[in-house]
Amino acid sequence: MKIRKAVIPAAGLGTRVLPASKSMPKEMLPIVDKPAIQYIVEEAVKSGIEDILIITSRGKTTVEDHFDRAPELEDRLLKAGKIKQYEEMVRISNLANIQYVRQKETKGLGHAVLCAKSFVGDEPFAVLYGDDVIISEQPVCHQLCEAYEQFGKGVVGIKEVPTELVMKYCSLHTKPIMGNLYEVSDMIEKPSREQIISNFAILGRCVLPSSIFTILENTAPGAGGELQLTDAMRTLAITNGMIGVDFVGTRYDMGNKLGILQAIVEVGLKHPEIGEDFREYLKNVSKNL
Ligand code: UTP
């Protein structure tokens, strides 16, 4: 079954990147000249997604403004003959059919996904975490959708990460199928060192059947007192099995300070407009490191 819908949870408080995220959503932090969430929406669109639901919260209206028309700005750009910029502004507002719903209390990623229940209905859907930008040739969301279409089971984007990160994310029980595909039969959110099953963790993308909503409704709050998506996916993995895709792509965690800097440096180096100048600048800076 073709995946047509995507949910982008972007309602978190972003406490790890304060004070930047105090009055500006971390999902709007720019990587050079484009906010993080635009990379994510573009990835979904390139993956064949037609309808997108962004989960927002208080103080996040700039996300909605970013994907809306901006008549005054467009008019000014047109009058100044800045046609390329004008076209880019219009393109952003036409990227996809984007809807919004507010998560009234930040009760966790699982709770945020549950807010998408009526938007999703009873078809499978993709989830792209609003602060995880993944740069890749083939969009990672597409890599996961293909696996869903092939196996008809929930799919998670996975990577092996250092132990310290496994303890912050989650740990998966995996068995290789072929190539970069794995069976996922169990998982644990934010494990202690003793609880670690493997260094495979879920990073920022999944494709889920609509049955996840009933599971979420019957899942108790977990780590940090929040309703954890991982806890619901664990039930799904144990009962139905899930597929892990060790995806091809570079992921930047825009929810932490180092991740933001890595994204800016690496994307900046490849930027068509300032890439060369930035490279020269970095070479000079690195002489004194
Ligand atoms: P994170 O756990 O990274 O978000 O969730 P957070 O709570 O903002 O982070 P810190 O720990 O306070 O810095 C991953 C994604 O899920 C969204 C976030 O916006 C982020 O894009 N999220 C998280 C929600 O939409 N609602 C929530 O209740 C929690």
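This text follows the structure it describes.
Residues numbered from 1 in each chain as written. Predicted model: local features only at pLDDT ≥ 70, side-chain atom pairs only at ≥ 80, totals over all residues. Heavy atoms only, no water.

> Talk me through the site of the ligand; I want residue IDs and the actual numbers.
Near the ligand lie 18 residues; those nearest to it are Gly12, Gly14, Thr15, Glu27 and Gln103. Between the ligand and glycine 108 there is a distance of 2.8 Å, counted from an oxygen atom to a backbone nitrogen or oxygen. Contact with the protein chains covers 84% of the free accessible surface of the ligand, which is 580 Å². Tallied by class, residues from the shell around the ligand come to six nonpolar, seven polar and five charged. (Near = heavy atom within 4 Å. Polar contact = N/O pair within 3.5 Å; in protein donor to acceptor, adjacent residues only side chain to side chain. Areas by Shrake-Rupley, 256 points an atom, 1.4 Å probe, with all protein chains shown as cover. Nonpolar A, V, L, I, M, F, W, Y, C, P; charged D, E, K, R; others polar.)

> An account of unusual backbone geometry is requested, with residue identities and associated values reported.
Look at the link from leucine 18 to proline 19: it is a cis peptide, with omega at 5 degrees. Relative to the elements of secondary structure, proline 19 occurs in the loop between β1 (5–9) and β2 (30–31). A positive phi is found at valine 32, a non-glycine position, where the angle reads about 60 degrees. The topology assignment puts valine 32 in the loop between β2 and β3 (34–35). The phi dihedral of lysine 190 falls on the positive side, at around 40 degrees, and the residue is not glycine. Relative to the assigned elements, lysine 190 resides in the loop between β10 (181–189) and β11 (200–208). (Helix = DSSP H or I, 4+ residues; strand = E, 2+ residues; numbered from the N terminus.)

> Provide a residue-level description of the packing of helix α3 (residues 71–79) against helix α4 (residues 83–93), including the pertinent values.
Orientation of α3 relative to α4, taken along the N-to-C sense of each, is 155 degrees, at an axis distance of 8 Å. Here α3 is positioned roughly antiparallel relative to α4, judged by the angle of their axes. In the crossing of α3 with α4, the sense of the turn from one axis to the other is left-handed. Across from Leu73, Glu74, Leu77 and Leu78 in α3, the residues of α4 making contact are Ile83, Gln85, Tyr86, Met89 and Val90. Of the residues that constitute the contact of α3 with α4, the class distribution is seven nonpolar, one polar and one charged. (Axes fitted to C-alpha atoms, helices over the stretch in contact; angles between N-to-C directions. Parallel < 35°, antiparallel > 145°, perpendicular 65-115°, else oblique. Left-handed = near helix turned anticlockwise from the far one by under 90°. Contact = heavy atoms within 4.5 Å.)

> Break down the packing of helix α11 (residues 257–269) against helix α12 (residues 275–287) for me, citing the residues and quoting the values.
Relative orientation of the contacting elements α11 and α12 amounts to 120 degrees, with a least axis distance of 7 Å. On the basis of the axis angle, α11 is oblique to α12. Facing α11, whose interface residues are Ile264, Val265, Gly268 and Leu269, α12 presents Gly275, Phe278, Arg279 and Leu282. For the contact of α11 with α12, the class distribution of residues is five nonpolar, two polar and one charged.

> Please give an account of the sheet that holds strand β4 (residues 51–56) that cites residues and values.
The strand order across the open sheet formed by nine strands is β5-β4-β1-β6-β11-β8-β12-β10-β9, and the pairing between neighbours is mixed. Sheet topology places β5 (97–102) and β9 (170–178) at the edges, where each strand pairs with a single neighbour. The average angle at which neighbouring strand axes cross in this sheet is 30 degrees, direction not considered. The pairing of strand β6 (residues 125–128) with β11 spans four bridges and is antiparallel. If you follow alanine 126 over to β11, its bridge partner there is valine 207. (Pairing = 2+ DSSP bridges.)

> Give me the nonpolar core: which residues, what numbers.
Generally speaking, soluble globular proteins have nonpolar side chains that are buried together. Residues Ile54, Leu208 and Met233 are the most contacted members of the largest nonpolar core, which totals 83 residues. Per-element accounting of this core gives the leading share, seven residues, to β11. Discounting residues that sit within four places of it in the chain, isoleucine 54 has contacts with Ile8, Ala10, Ile37, Val41, Val63, Phe67, Ile98, Gln99, Tyr100 and Val101. (Core = buried A, V, L, I, M, F, W, Y, C linked by side-chain atoms within 4.5 Å. Buried < 20%, exposed > 50% of the residue type's maximum accessible area, 1.4 Å probe, protein only.)

> Residue-level account of α11, with values.
Over its 13 residues, α11 extends 19 Å from the first C-alpha to the last, a length consistent with the 18 Å expected when each residue adds 1.5 Å. Restricting attention to buried positions, one finds in α11 the residues Gly259, Ile260, Ala263, Val267 and Gly268. Down the axis of α11, the smallest arc covering the buried residues is 150 degrees, so these residues share one side. α11 presents Lys257, Leu258 and Leu261 as exposed residues on the side facing more than 90 degrees away from its buried surface. N-capping of α11 is provided by asparagine 256, with a side-chain oxygen placed 2.9 Å from the backbone N of leucine 258. (Expected span 1.5 Å × (residues − 1). Arc of directions from axis to C-beta.)

> An account of the pattern of salt bridges is needed here, citing residue identities and associated values.
A side chain of one charge can pair with a side chain of the opposite charge when the charged atoms of the two come close. One pass over the structure, following the stated rule, counts 21 salt bridges. Taking the shortest distance from any N to any O, the salt bridge between glutamate 217 and lysine 117 comes out at 2.9 Å. You can see glutamate 217 sitting in helix α9 (residues 212–217) and its partner lysine 117 sitting in helix α6 (residues 117–120), a full 100 residues away along the chain. Judged by its relative accessible area of 42%, glutamate 217 falls in the partly exposed class. Among the ionic contacts, a cluster of salt bridges with common partners joins Arg4, Lys5, Glu50 and Glu123. (Salt bridge = Lys/Arg side-chain N within 4 Å of Asp/Glu carboxyl O.)

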